[in-house]
Amino acid sequence: FERSLGTRDRRIAELMANDLLRREELRRAGIVDPFGESKERPLEEHFVDFLTTMRARNVVPKYLADREKCLKAYATHAKAKRLADIDLTGASAWLSSLKDAGLSARSVNVRYQALRQIGLWLVKTRRTAYDPFDGLKPLNEAEDRRHVRRSLTPDEAARLVDAAKARAIARA
């Protein structure tokens, strides 16, 4: 069979052709890498499949868009094109760079959750033997409070009640 391998270098084309031939011979002999096909597919296709699975679970569109944005941002940062390009080291570096850029622990953890979620999905759907993001740990959000919540003082509560009463009268 003939197929373009997308290279102009003859030696590289020969190496790629030999690799394809070796894989085909192994497949015919019944020795198959169960994750081989998934490894070769573009990462973008895996993202589309992941989002399709989430859509089937009736996930809120805003959540879906957020997950997609996080995953694409990681792939861009890591210059990942295939499953083999994603790893724990690259993910850790990306999350650290986000924290160093001033993102809150909560914002970094949202991205951490997206990576962990797709990692577990890749294993459950038998696209990879292991979760590439297994060693990631979330940041402690309690140590990075940007907006400290508090109760209203008695004076603030009284002014709030007065404003609500005055507004109700003004509408009538």
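Placed above this text is the structure.
So, here's what we can say about the structure. Small disclaimer: the values here were computed from a predicted structure and weren't measured.

Remarks on the overall build of the chain
Helix and strand counts for the chain stand at seven helices and zero strands. Secondary structure elements of the chain, listed N to C terminal, follow the sequence α-α-α-α-α-α-α. Rg of the C-alpha trace for the chain: 25 Å, well past the compact-globule value of 16 Å for 172 residues, more than 25% over. Referenced to the eigenvectors of the C-alpha coordinate spread, the extents of the chain come out at roughly 85 × 35 × 30 Å. Per-residue burial for the chain yields a buried fraction of 25% across its 172 residues. Restricting the contact set of the chain to residue pairs at least 6 apart, pairs at least 24 apart contribute 60%. Entry remark: accessible area of the chain is about 12,600 Å², with carbon and sulfur atoms responsible for 54%. Averaging the positions of the 35 positive and the 25 negative side-chain charges in the chain gives two centres separated by 5 Å.

Quick word on the packing of aromatic side chains
In the structure shown here, the tally under the stated rule is three aromatic pairs. Ring plane angle 70° and centroid distance 5.5 Å describe the contact between Phe50 and Trp121, whose orientation is recorded as edge-to-face. Remark: Trp121 occurs in helix α6 (residues 105-124) and Phe50 occurs in helix α3 (residues 43-56); sequence separation between them is 71 residues. When its relative accessible area of 2% is taken as the criterion, Phe50 is described as buried. Ring-pair connections join several aromatic residues into one group, and the members of that group are Tyr74, Trp94 and Phe133.

Parameters at a glance
- Residues numbered from 1 in each chain as written.
- Predicted model: local features only at pLDDT ≥ 70, side-chain atom pairs only at ≥ 80, totals over all residues.
- Heavy atoms only, no water.
- Helix = DSSP H or I, 4+ residues; strand = E, 2+ residues; numbered from the N terminus.
- Rg over C-alpha atoms; globule rule 2.2 N^0.38 Å.
- Buried < 20%, exposed > 50% of the residue type's maximum accessible area, 1.4 Å probe, protein only.
- Contact = heavy atoms within 4.5 Å.
- Areas by Shrake-Rupley, 256 points an atom, 1.4 Å probe, with all protein chains shown as cover.
- Lys, Arg positive; Asp, Glu negative; His and termini not counted.
- Charge placed at Lys NZ, Arg CZ, Asp CG, Glu CD.
- Phe/Tyr/Trp six-rings, centres within 6.5 Å; stacked < 30°, edge-to-face > 60°.

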